[in-house]
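A structural walkthrough
Here is how the chains run, residue by residue.
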Amino acid sequence: MAISSALSFLSDRKRPIVVSVFLFLLLSSLFLLFSPAPAALPFFSFPSSHLSSSSSSPIAATPPPLTPVSVPANASSPETPVDASGGSNAGATAPTRDAPQPDRSRSTPPAAVGVRGSAGTNGTSRGVSAGGDGAGAAAAAAAGVAVPSWEVCEVGKGVVAADYIPCLDNVKAVKALKSLRHMEHRERHCPTAPRPRCLVPLPTGYRSPLPWPRSRDMIWYNNVPHPKLVEYKKDQNWVRKSGNYFVFPGGGTQFKAGVTNYIRFIQQIMPNIEWGTHTRTVLDVGCGVASFGGYLLDRNVITMSVAPKDEHEAQIQFALERGIPALLAVIGTQKLPFPDNSFDVIHCARCRVHWYADGGKPLLELNRVLRPGGYYIWSATPVYRRGKRDEDDWNVMVTLTKSICWRTVVKSKDVNRIGVVIYQKPTSNSCYFERKQNEPPLCPSREGSHSPWYAPLDSCLLLPAVSSSGEGNSWPISWPERLNIKYSTISDNASTQFSQEKFDSDTKHWKDLVSEVYFNEFAVNWSTVRNVMDMNAGFGGFAASLIHKPLWVMNVVPFDHPEALPIIFNRGLIGVYHDWCESFNTYPRTYDLVHMSYLLQGLTNRCDIIEVAAEIDRILRPGKWFVLQDTEQVIRKMDPVLRSLHYRTAIVKQQFLVARKGFWRPYSAGSESR
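Reference entry: report on the structure contained in this document. (Residues numbered from 1 in each chain as written. Predicted model: local features only at pLDDT ≥ 70, side-chain atom pairs only at ≥ 80, totals over all residues. Heavy atoms only, no water.)

1. Regarding the pairing of strand S17 (residues 620-629)
Regular strands have side chains that alternate between both faces of the sheet. Counted residue by residue, S17 has ten buried out of ten residues, so it is predominantly covered. When strand S16 (residues 591-597) meets S17, the two strands line up parallel, connected through six bridges. Looking at the pairing, leucine 593 lines up with tryptophan 625 of S17. Looking at chain direction, S17 and strand S19 (residues 656-660) are connected through five bridges and run antiparallel. Pairing of phenylalanine 626 across the sheet is with alanine 659, part of S19. (Buried < 20%, exposed > 50% of the residue type's maximum accessible area, 1.4 Å probe, protein only. Helix = DSSP H or I, 4+ residues; strand = E, 2+ residues; numbered from the N terminus. Pairing = 2+ DSSP bridges.)

Have a look at this one:
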């Protein structure tokens with residue numbers, strides 16, 4: 001009846017306009033019905049074989065041995081490897097998560113998901129947008145996670161939003177300090193109640209960093225657009241601006257003939273230093289743009305370059321953008337986040353630290369972290385100038401170094417008349433007991449944990465552990481053999497609780513897991529990874545498994561976990577203590593891969609998963625990767641949070657969540673999402 005009526009209607013010649021419209025709509029409908037849907041352009045993809053299920057040899061889901069979170073025995077799923085380039089092997093599987101496609105419209109913000117998030121005391125937020133999609137919202141609800149409407153951080157006066165570090169840029173807390181005499185304003189003052197859960201914006205014109213090793217010599221100007229240091233150090237050849245780049249010639253305050261000649265000079269006057277064999281780990285205090293550490297990498301030396309966030313604008317940011325290990329730190333009133341007796345060498349080239357201040361507390365801190373038998377290299381004007389102030393400083397240092405039993409090994413000048421003095425820390429405790437005056441006094445013996453996390457500087461002299469023969473910690477065997485040795489003969493009391501058997505098992509576990517799964521099944525382009533943050537490092541087995549890659553790993557041991565960090569340093573690796581409910585002492589966008597293994601569940605007993613995700617996002621570079629190994633329950637909670645940030649996510653073997661960060665940022669008034 002309906003068809004007959006329509007035909008009758010069409011035959012009526014009095015309605016030509018209506019007929020034309022009807023025919024147009026009919027033809028349009030037929031065209032849409034039979035046309036293929038346009039293909040999406042994925043930002044992050046896994047092989048199609050991941051969409052089916054099959055079985056093959058299982059990969060054990062053994063967690064790092066030091067983690068307090070237990071792992072169920074059935075946490076693994078047997079599957080066949082898939083190569084990282086996108087090709088697949090027969091029968092390969094890995095369930096993927098629906099991920100939102102890149103937002104290609106700059107006119108309409110994406111729909112909000114869940115509840116609005118708070119940005120914290122000093123990192124307030126602005127804007128009204130959130131990432132994610134309907135599937136992400138459903139997954140979040142099923143996992144019991146309230147995903148916020150992500151917002152851009154608003155920061156205090158004088159802080160660049162794109163460089164925001166919550167614990168170092170807490171303007172309100174710094175203004176409330178009663179004293180700045182001891183660099184208190186450069187220390188950590190973390191926002192609390194609520195903690196930051198906002199997103200740091202990108203600098204205008206930001207682009208993916210240049211690859212290593214090219215990045216050591218030049219970086220994109222727009223990624224770290226701070227030219228102040230160019231002018232401030234223009235006569236010392238630290239850094240120059242050249243077109244769209246910052247260029248690093250390898251100069252420095254003390255490197256008049258270039259840093260390579262300076263490194264060679266130290267080897268000449270102190271042959272026992274044996275860069276890259278006897279000396280593997282170095283702490284460079286007041287590092288500038290970290291050229292010293294950058295060029296020591298050529299000699300198989302890994303350097304922790306540290307400096308405060310001060311008027312030398314963005315020096316640590318420059319270092320990290322160059323691909324050189326670096327950390328924001330200051331010797332003020334609190335200890336450095338490193339274990340006792342850890343570094344083979346400590347270096348200071350005009351680092352502007354008054355080592356003798358407060359009864360010598362800053363130098364006592366260096367003594368704490370320097371390995372017995374290790375060297376302190378001091379290149380500063382008191383060593384070679386003869387003005388009254390320099391001579392007074394030198395005389396004070398002579399008295400102080402003698403009082404802590406440091407031996408002057410060599411004092412010399414290079415061809416440019418730049419002076420260097422090298423001290424050595426004793427390997428036995430006999431000198432400490434033979435001093436005529438007990439000044440500084442010996443520290444009382446310490447029982448149990450003595451983590452330096454938020455601990456005040458010592459005013460006493462810490463004695464290293466000794467064996468029955470009276471010798472202190474013996475020097476590790478040469479690099480690279482030391483990588484697979486827990487410790488030589490004796491280590492500090494905290495690390496002796498770990499057996500060599502556990503250490504060897506952990507090393508093998510990570511070597512097998514990384515080679516079989518991380519390199520073969522993750523859609524990670526390892527050739528573009530220059531640095532890695534391991535958020536729960538354990539013995540450092542994950543870092544050791546990557547040692548043959550042209551990258552370095554920042555091994556982080558949570559402050560409330562067993563103190564395995566001394567073992568990491570004994571292996572010739574570097575790391576720090578940290579609390580992941582707070583921000584890390586690094587600039588935004590400074591790591592290519594952030595790795596977390598069996599940490600999140602215990603961590604979120606103290607802080608919110610949104611806060612942890614915001615900090616991971618702050619650290620991670622756009623276009624780079626976050627890898628989470630954990631239980632399925634934990635993965636289900638983190639996955640929708642990352643998807644709300646427009647990360648591309650995939651679950652591999654039911655125990656790994658692999659996510660890639662995009663360039664998306666929340667909309668805000670007067671700006672667009674990237």
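There's plenty left to go through after this.
2. Quick look at the sheet that holds strand S12 (residues 419-424)
Two pairing modes exist for strands in a sheet, parallel and antiparallel, and in both the strands are linked by backbone hydrogen bonds. Judged by pairing direction, the sheet is mixed, and its seven strands sit side by side in the order S8-S7-S6-S9-S10-S12-S11 without closing on themselves. Sheet topology places strand S8 (326-328) and strand S11 (407-413) at the edges, where each strand pairs with a single neighbour. Strand-to-strand twist in this sheet, taken as the mean axis angle between neighbours without regard to direction, amounts to 20°. The pairing of strand S10 (residues 370-379) with S12 spans four bridges and is classified as antiparallel. Bridged to tyrosine 376 within S12 is tyrosine 423. Contacts between helix H7 (residues 259-269) and the sheet are confined to strand S9 (343-349), S10, S11 and S12, with S12 contributing the most and set at about 50° to the helix. Lying on the sheet, helix H10 (residues 357-369) is in contact with strand S6 (281-285), S9 and S10; it crosses S10 at an angle near 135°. (Axes fitted to C-alpha atoms, helices over the stretch in contact; angles between N-to-C directions. Contact = heavy atoms within 4.5 Å.)

3. A few points about the state of the cysteines
Working definition: the covalent bond between the sulfur atoms of two cysteines is a disulfide. Enumeration according to the criterion identifies six disulfides in this entry. Linked covalently through their sulfurs, cysteine 581 and cysteine 607 form a disulfide whose S-S length is 2.1 Å. In this structure, the disulfide formed by cysteine 581 and cysteine 607 twists by about -75° around the S-S bond and is classed as left-handed. Linking cysteine 581 in the loop between strand S15 (575-578) and S16 with cysteine 607 in the loop between helix H17 (600-603) and helix H18 (609-619), this pair joins segments that are 26 residues apart in sequence. Exposure remark for cysteine 581: the relative accessible area of 5% places this residue in the buried category. If one numbers only the bonded cysteines of the chain, in the order they occur, the disulfide pattern is 1-4, 2-3, 5-6, 7-8, 9-10, 11-12. (Disulfide = S-S within 2.5 Å.)

4. Thoughts on the pattern of salt bridges
For the structure on display, the rule yields 21 salt bridges. Here arginine 589 makes a salt bridge to aspartate 163, at a shortest N to O gap of 3.7 Å. Of this pair, arginine 589 sits in the loop between S15 and S16 while aspartate 163 sits in the loop between strand S2 (152-154) and helix H4 (171-175), and the two are 426 residues apart along the sequence. There is no split in this pair, since arginine 589 and aspartate 163 are both buried. (Salt bridge = Lys/Arg side-chain N within 4 Å of Asp/Glu carboxyl O.)

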